[in-house]
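The lines below spell out each chain.
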Amino acid sequence: MKKGISPVIATVIIVAVALVLAVALAGWTMGIWGTLGSTEALYITGSISRVGGYVWVNATIYNKGTGPANITKVEMYDNDGTPLTNTTNVTVSPGASTSYNYNMSSGTVGVGRTYTVKFYTATGNVYTVPMQCVRA
């Protein structure tokens with residue numbers, strides 16, 4: 001006597017394969033799969049200056065990723081260890097760059113000194129960039 005798959009199990013397997021293919025086709029048709037893997041990848045350069053009693057972070061931000069980057073906060077510490085922050089809402093599209101000046105309020109910075117500036121994004125990423133003060 002030959003043994004094989006029972007017709008019930010074969011039917012369940014065929015239905016499961018058909019469902020997986022239908023979900024994959026629907027996702028591809030509606031463009032869902034293209035957005036799931038999109039990520040931001042920021043490259044940031046810039047400098048710091050003090051003008052009129054205010055500290056400014058002058059940044060050029062380039063998004064090398066496949067998804068938009070939304071910068072929500074910029075943070076640094078001045079000479080006295082005082083945290084200087086700027087709550088912002090700057091979006092950089094994939095493959096695009098922007099230059100932005102962040103007003104960090106009053107603080108003490110020294111020309112020639114390098115400070116650590118942190119850029120926070122809406123996705124929870126933190127980009128830490130050393131920047132030098134060029135004018136005070």
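Right above here is the structure, for reference.
Residues numbered from 1 in each chain as written. Predicted model: local features only at pLDDT ≥ 70, side-chain atom pairs only at ≥ 80, totals over all residues. Heavy atoms only, no water.

Asker: Would you mind going over the overall build of the protein with me for this structure?
Answerer: Counting secondary structure elements, the protein contains 2 helices and 7 strands. Going from the N terminus to the C terminus, the protein shows its helices and strands as α-α-β-β-β-β-β-β-β. By the compact-globule yardstick of 14 Å for 136 residues, the protein is too spread out, its C-alpha radius of gyration being 25 Å. The dimensions of the protein, computed from C-alpha atoms along their principal axes, are 90 × 25 × 20 Å. Considering only contacts within the protein whose residues lie at least 6 apart along the sequence, 56% involve residues at least 24 apart. Accessible surface computed for the protein: about 8,500 Å², of which carbon and sulfur atoms make up 61%. For the protein, the centre of its 8 positive side-chain charges and the centre of its 4 negative side-chain charges are spaced 18 Å apart. (Helix = DSSP H or I, 4+ residues; strand = E, 2+ residues; numbered from the N terminus. Rg over C-alpha atoms; globule rule 2.2 N^0.38 Å. Contact = heavy atoms within 4.5 Å. Areas by Shrake-Rupley, 256 points an atom, 1.4 Å probe, with all protein chains shown as cover. Lys, Arg positive; Asp, Glu negative; His and termini not counted. Charge placed at Lys NZ, Arg CZ, Asp CG, Glu CD.)

Asker: What's the story with a nonpolar patch on the surface in this structure? I'm lost.
Answerer: There is a patch of nonpolar side chains on the surface, built from I5, I9, I13, V17 and L21 and spanning about 490 Å² of accessible area. Looking at the secondary structure, you find V17 in helix α1 (residues 7-30). (Patch = residues over 30% accessible without salt bridge, like charges linked within 9 Å, V, L, I, M, F, W, Y side chains within 5 Å. Salt bridge = Lys/Arg side-chain N within 4 Å of Asp/Glu carboxyl O.)

Asker: For this particular structure, what's the right way to read the nonpolar core?
Answerer: Side chains of nonpolar character tend, in soluble globular proteins, to be buried together. In this structure, I44, I48, V57, M76, Y102, F119 and M131 are the most contacted members of the largest nonpolar core, which totals 24 residues. At the level of secondary structure, the elements contributing two or more residues to this core comprise β1 (42-51), β2 (54-63), β3 (69-77), β4 (83-92), β5 (97-106), β6 (114-121) and β7 (126-135). When residues no more than four places from it in sequence are discounted, the contact partners of V57 are S47, I48, M76, Y100, N101, Y102, M104, V117, F119 and M131. (Core = buried A, V, L, I, M, F, W, Y, C linked by side-chain atoms within 4.5 Å. Buried < 20%, exposed > 50% of the residue type's maximum accessible area, 1.4 Å probe, protein only.)

Asker: In this structure, what is going on with unusual backbone geometry? I would like to understand it.
Answerer: Glycine aside, negative phi is the norm for most residues, and most peptide bonds take the trans geometry. Backbone geometry places S105, a non-glycine residue, at a positive phi of 70°. For S105, the position within the fold is in strand β5.

These results come straight from atomic positions and should not be treated as a statement about function.
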